[in-house]
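Notes for the structure review
Now for the letters of each chain:
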Amino acid sequence: MALEDLSQADLEQELAAATEAYGDFAARGLDLDITRGKPGTDQLDLSAGLLTAVAGDDIRSRDGVDVRNYGGLEGLPELREMFGELYGVPADQLLAQGNSSLTLMHQALSFALLAGTVDGDAPWVGQPRRIICPVPGYDRHFTLAEALGFELVTVPLDDEGPVLSAVEELVATDPTIKGMWVVPMYSNPTGISMSEERTRALLAMPTAAPDFKLLWDNAYGIHHLREPHAPMLDVLGLAADAGHPDRVWVFASTSKITHPGAGVAFYGGSEANIGWFTGHLGAASIGPDKINQLRHARFFGDAAGVRRHMSEHAALIGPKFAAVIEKLEAGLAGTGAARWTDPDGGYFITLSVLPGTADRVVKLAGEAGVKLTPAGATHPYGLDPDDAVIRIAPTMPSLADVTAATEGLAVCVRLAACEKLLA
Ligand code: PLP
């Protein structure tokens, strides 16, 4: 029976049982951390061959370019082709750049601030500016936009993407709404993927700002955990069909494919956007790290090589996701104290607890030796108005640790729910 439906006396009994289970768990003296959306060491090992893929006497790209020297602002063509195929972007509309897609997002927004966009009439700086943040979302998107002077406006996310009516209402009349963050596949942290219907609607909707942008951060686009998996949408083709070819800036990186912080990041867009981006980038750089790009191109060989590599990741992390789901089911099914996502890909599971208890759950877990991402981190300004969302990152700890941590977490959720209902 759901906790909410229990009599006062039964609920008090549940509280006593949860308190005892919590004490037992804390007594194990564990020190576990399920906050970090990073690959495990075994995943990093999958890319060990990268480190020897370029040798001192073998430094020419497919086209005979000596990758040790300056130049090639747009990135190595063989890598643009490989990842263009994977992300559904024509190679000449995909730039291969440095080690971080967040940096490219920061650059694109900075260029828009300083110089305006291809479809706007003025630089964004000096104008009031707001950006839509679907929630729950990725805290670094929020921090980045806030640091560049955007006011963060939230809209809810459902199973197909940002709730359309909420977005349409905002963009239709408010020219200060300049863009929206989108993680189109296996979103951080809910794991949902955008439907084609929702995507088409976002691409077609009228916007008061002529230069409104979708920041299409496909960070997890090829990070499937199982079959069948979400399809890769041809977002640039759909944008052109919708009559807004310049509305989308595509971002991706190999951060969670090879080595985070030492991978390759990509920017994709219409021909006009590519010209705009490289035009500004050319003032900042003589070219990206082509040695690293050649390493990646050689290590994978082709797009099929990347796909094979991604199934090796899935084989390592799939069991960790399954263990989290199993322990949540075992500890919480039927209690009505929580819901959780069971994503087909990506890096996170979202646990939604009774409103008003997320912060308490995080504290209880911390005191019992399980470190969780602070409640609120999934919302702009760190404020979850319902105090209900907890992000679980299963990839980095060992299978045994993630299993034990989730067991403890489920106990904390039950305890916090009983406390709340009795309060
Ligand atoms: N975008 C999303 C949605 C992420 O979850 C992350 C990392 O967690 C990143 C971007 C970071 O990408 P990069 O390492 O390419 O800067």
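The rules behind these values
- Residues numbered from 1 in each chain as written.
- Predicted model: local features only at pLDDT ≥ 70, side-chain atom pairs only at ≥ 80, totals over all residues.
- Axes fitted to C-alpha atoms, helices over the stretch in contact; angles between N-to-C directions.
- Helix = DSSP H or I, 4+ residues; strand = E, 2+ residues; numbered from the N terminus.
- Parallel < 35°, antiparallel > 145°, perpendicular 65-115°, else oblique.
- Left-handed = near helix turned anticlockwise from the far one by under 90°.
- Contact = placed C-beta atoms within 7 Å.
- Nonpolar A, V, L, I, M, F, W, Y, C, P; charged D, E, K, R; others polar.
- Near = placed C-beta within 6 Å.
- pLDDT = per-residue confidence, 0-100.
- Domains from an automatic or database assignment.
- Buried ≥ 20, exposed ≤ 12 C-beta atoms within 10 Å, placed from the backbone.
- Pairing = 2+ DSSP bridges.

Under an unreviewed UniProt entry, the name given to the chain is Aminotransferase class I/II-fold pyridoxal phosphate-dependent enzyme, and the organism recorded is Brevibacterium pityocampae.

1. A word on the packing of helix α3 (residues 77–87) against helix α10 (residues 290–300)
A pair of packed helices can be characterised by two numbers: the angle between their axes and the separation between those axes. Two numbers describe how α3 lies on α10: the axes approach to 9 Å, and their chain directions differ by 55°. The angle between the axes of α3 and α10 places the two elements in the oblique class. The hand of the α3/α10 crossing is left-handed. Side by side, α3 and α10 meet where Glu-78, Leu-79 and Met-82 of the first sit next to Gln-293, His-296, Ala-297 and Phe-300 of the second. For the contact of α3 with α10, the class distribution of residues is 4 nonpolar, 2 polar and 1 charged.

2. Comments concerning the site of the ligand
The environment of the ligand is made up of 13 residues, and the closest members are Ser-100, Ser-101, Leu-102, Ser-253 and Ser-255. Residue composition of the shell around the ligand, grouped by class: 6 nonpolar, 6 polar and 1 charged.

3. Some remarks on the confidence of the model for the chain
A residue-level look at the chain finds 100% of positions with pLDDT of 70 or above and a mean pLDDT of 97. Both scores are given for the predicted complex: the pTM is 0.97, the ipTM 0.99.

4. Focus: the domain arrangement of the chain
What the domain assignment lists for the chain is domain 1 (3–43 + 307–422) and domain 2 (61–301). Between the C-alpha centres of domain 1 and domain 2 there is a distance of 31 Å. Listed per partner, the contact involves 24 residues of domain 1 and 26 residues of domain 2. A total of 5 residues in the side of domain 1 that touches domain 2 trace back to one element, the largest contributor, which is helix α11 (residues 303–332). Tallied by class, the residues present in the side of domain 1 that touches domain 2 amount to 12 nonpolar, 9 polar and 3 charged.

5. Quick word on the pairing of strand β11 (residues 349–353)
Of all the 5 residues making up β11, 4 are buried; the element is thus mostly covered by neighbouring parts of the structure. Note that strand β10 (residues 338–340) and β11 share 3 bridges and pair antiparallel. Within β11, the residue paired with Arg-339 across the bridge is Ser-352. Note: β11 against strand β13 (residues 389–392), 4 bridges, orientation antiparallel. From the neighbouring strand, Thr-350 faces β13, where its bridge partner is Arg-391.

6. What to know about unusual backbone geometry
Cis geometry is found at the peptide bond from Val-135 to Pro-136, where omega equals 0°. Note that Pro-136 resides in the loop between β3 (130–135) and α5 (139–147). The linkage connecting Glu-227 with the following residue, Pro-228, adopts the cis geometry, with an omega of -15°. Following the sequence through the fold, Pro-228 ends up in the loop between β7 (213–217) and α8 (235–241). Of note in this structure, Tyr-186 is not a glycine but carries a positive phi near 50°. Within the fold, Tyr-186 resides in the loop between β6 (177–182) and α7 (196–204). By the C-beta count within 10 Å, which is 27 here, Tyr-186 ends up buried. Of note in the backbone geometry, Asp-387 takes a positive phi value of approximately 45° without being a glycine. Mapped onto the fold, Asp-387 is located in the loop between β12 (370–371) and β13. In this structure Asp-387 comes out as partly exposed when scored by C-beta crowding, with 19 C-beta atoms within 10 Å.

7. Re helix α12 (residues 358–367)
Of all the residues in α12, the buried ones are Ala-358, Arg-360, Val-361, Val-362, Leu-364 and Ala-365. Residues of α12 that are buried in the fold lie against α1 (8–27), β11, β12, β13 and α13 (399–422). Once α12 finishes, Gly-369 follows within two positions and takes phi at roughly 95°, a positive value.

8. Remarks on the sheet that holds β11
The 3 strands are arranged β10-β11-β13 in an open sheet whose pairing can be described as antiparallel. Where the open sheet ends on each side, the last strands, each with one partner, are β10 and β13. Here the average twist between neighbouring strands, direction ignored, is 20°. Here α12 sits on the sheet and contacts β11 and β13; the angle it forms with β13, its principal contact strand, is near 40°.

9. Regarding α3
Within α3, 8 of the 11 residues are buried, which leaves the element mostly enclosed by the surrounding structure. For α3, the full list of buried residues reads Glu-78, Leu-79, Arg-80, Met-82, Phe-83, Gly-84, Leu-86 and Tyr-87. Of the surrounding secondary structure, the elements contacted by the buried residues of α3 are β2 (94–96), β8 (248–253), β9 (265–268), α10 and α11. Gly-88 sits one or two positions beyond α3 and adopts a positive phi of about 65°.

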